[in-house]
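# Summary of the model geometry
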Amino acid sequence: MPSIAVLAQAHPEQLGWLSSKLLGVTLTSAEWVLWVLVVLSVLSIAIMLERTVYFARHRLPDSEALAVRLARGELDAVKAAIQGRQGMEAAILREGLACADQGADTVEQVIASTLSRERPRYERFLSYLGTLGNNAPFIGLFGTVLGIIKAFNDLGKMNAQGGGGAMQQTVMAGISEALVATAVGLAVAIPAVVAFNVFSRQLKTLTSRANALGHALVGRLRAEVR
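Residues numbered from 1 in each chain as written. Predicted model: local features only at pLDDT ≥ 70, side-chain atom pairs only at ≥ 80, totals over all residues. Heavy atoms only, no water.

## Considering the overall build of the chain
Across its full length, the chain carries 9 helices and 0 strands. Its helices and strands in sequence order give the chain the pattern α-α-α-α-α-α-α-α-α, from N to C terminus. Here the chain holds 226 residues, and 35% of them are scored as buried. For the chain, contacts bridging at least 24 residues in sequence account for 79% of all contacts bridging at least 6. (Helix = DSSP H or I, 4+ residues; strand = E, 2+ residues; numbered from the N terminus. Buried < 20%, exposed > 50% of the residue type's maximum accessible area, 1.4 Å probe, protein only. Contact = heavy atoms within 4.5 Å.)

Here you go:
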C-alpha cells in the first residue's frame, strides 16, 4: 500500500483510479471537522447544564431524615414532607404511601414499577455524553489525517515546481494546523467523559437512596402487620 508521501508526490496518471478519486476527496480543508466538533461541544455543554438543573431539582435533600420517620411509623408526616416535591425518591414515597393499605407486597411492587419508570428520566441525554466522550478524539484524529494528507500534497506540488526554499515552512504549517483537530477533539471529549461519570454516579446515589426509602416503608408496613 503506497504511503501518503508517495501518493502526494505522484502524478495523477501514476495513481490508480480508486487512489486518485480518494485523494481528490481527502484533499479538502479539515476546518469542517473543527466546526463539527464545535457544534458537538456546544450541544454537550447545553446537556451538562440541563442535567445539572434537573438533578438538582429532582432530589430530596432530607431523605435520611425521612427514612428515620418511616422507621418510626410517621407516615402522615412523611406524606406531608414530600408534598409538591419532584423526583425519583418523592415519587416512590408518594405512590408507596398511596397504596399502603393494600399491604407490603403490593407496595413493594409499586415501588419497583415507579423506580423503573423514573430512572430513564435521569438517564436522558447521558448516552450522548458517553458517545461523544468516546468518539470525539477519533473525529479530531480524522481531521488531523485530512490535514496531513493535504500538507503532503502541497509538498509534492512544491517539489514539482522546484520551490524548495519554502517547502519546510509550508509542510510544518500544514501539519501544525492539522494537529489542532486532535487537540480540539480531546478538549471536547474530556469534559463529556467527566460529566458522564459525574451524572452516572449521582444517578447511582439517587437510586440507592430511593431504594433505601422504599425498603424502609415496606419494612414498616410488615412490622405493623406483625
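What follows continues from the structure just given.
## Here we look at a nonpolar patch on the surface
Taken together, the side chains of L186, I190, V194 and V198 define a hydrophobic patch exposed on the protein surface, amounting to about 340 Å² of accessible area. Position of V194 relative to the elements: it lies in helix α9 (residues 167-225). (Patch = residues over 30% accessible without salt bridge, like charges linked within 9 Å, V, L, I, M, F, W, Y side chains within 5 Å. Areas by Shrake-Rupley, 256 points an atom, 1.4 Å probe, with all protein chains shown as cover. Salt bridge = Lys/Arg side-chain N within 4 Å of Asp/Glu carboxyl O.)

## Observations concerning the UniProt feature "transmembrane region" (unreviewed entry) in the chain
Sites flagged by UniProt as "transmembrane region" (unreviewed entry) map to residues 32-49, 125-149 and 178-199. For residues 32-49, the helix share is 100%, the strand share is 0%, and the end-to-end C-alpha distance is 26 Å. Each end of residues 178-199 is marked by a C-alpha atom, and these two atoms are 33 Å apart; helix forms 100% of the span and strand 0%. (UniProt positions renumbered as here; feature names shortened; annotations may be inferred.)

## Some details on the packing of aromatic side chains
In this structure the tally under the stated criterion is 4 aromatic pairs. Seen from their ring centres, W32 and F142 are 6.0 Å apart, and the 70° between their planes marks the pair as edge-to-face. Of this pair, W32 sits in helix α3 (residues 31-57) while F142 is found in helix α8 (residues 126-161), placing the two residues 110 residues apart along the sequence. Centroid distance Y54 to Y122: 5.3 Å. Interplanar angle 75°. Geometry classified as edge-to-face. Of this pair, Y54 sits in helix α3 while Y122 sits in helix α7 (residues 104-123), and the two are 68 residues apart along the sequence. Residue Y122 is classed as buried on the basis of its relative accessible area, which comes to 0%. Within the aromatic cluster, the residues linked to one another by ring pairs are Y54, F55, Y122 and F199. (Phe/Tyr/Trp six-rings, centres within 6.5 Å; stacked < 30°, edge-to-face > 60°.)

## Structural notes on the side chain of S44
Mapped onto the secondary structure, S44 falls in helix α3. Accessibility expressed as a relative area gives 2% for S44, which makes it buried. In this structure S44 touches Y128, L129 and L132, once residues within four positions along its chain are discounted.

## Notes on the pattern of salt bridges
One pass over the full model with this rule turns up 10 salt bridges. Between R85 and D62 there is a salt bridge, with its nearest N and O atoms 3.9 Å apart. With a gap of 23 residues between them, R85 in the loop between α5 (75-81) and α6 (88-98) and D62 in the loop between α3 and α4 (63-72) connect regions that are remote in the sequence. In this structure D62 comes out as partly exposed when scored by relative accessible area, which is 28%. Note that E74 is salt-bridged to R69, the shortest N-O span being 3.9 Å. For R69, a relative accessible area of 33% corresponds to the partly exposed category.

## Brief notes about the nonpolar core
Of all hydrophobic cores here, the largest spans 34 residues; its most connected members are L70 and L93. Looking at this core, the element that brings in the most residues is α9, giving 10 residues. Membership of the second largest hydrophobic core comes to 10 residues, among which are L37, L132, V188 and A189. (Core = buried A, V, L, I, M, F, W, Y, C linked by side-chain atoms within 4.5 Å.)

## Side note on the environment of G185
Residue position: G185 is located in helix α9. Remark: the alpha-carbon pair of G185 and L141, spanning 44 residues in sequence, is separated by 7.5 Å. Ignoring sequence-local partners within four residues, the contact set of G185 consists of L37, A136, P137 and G140.

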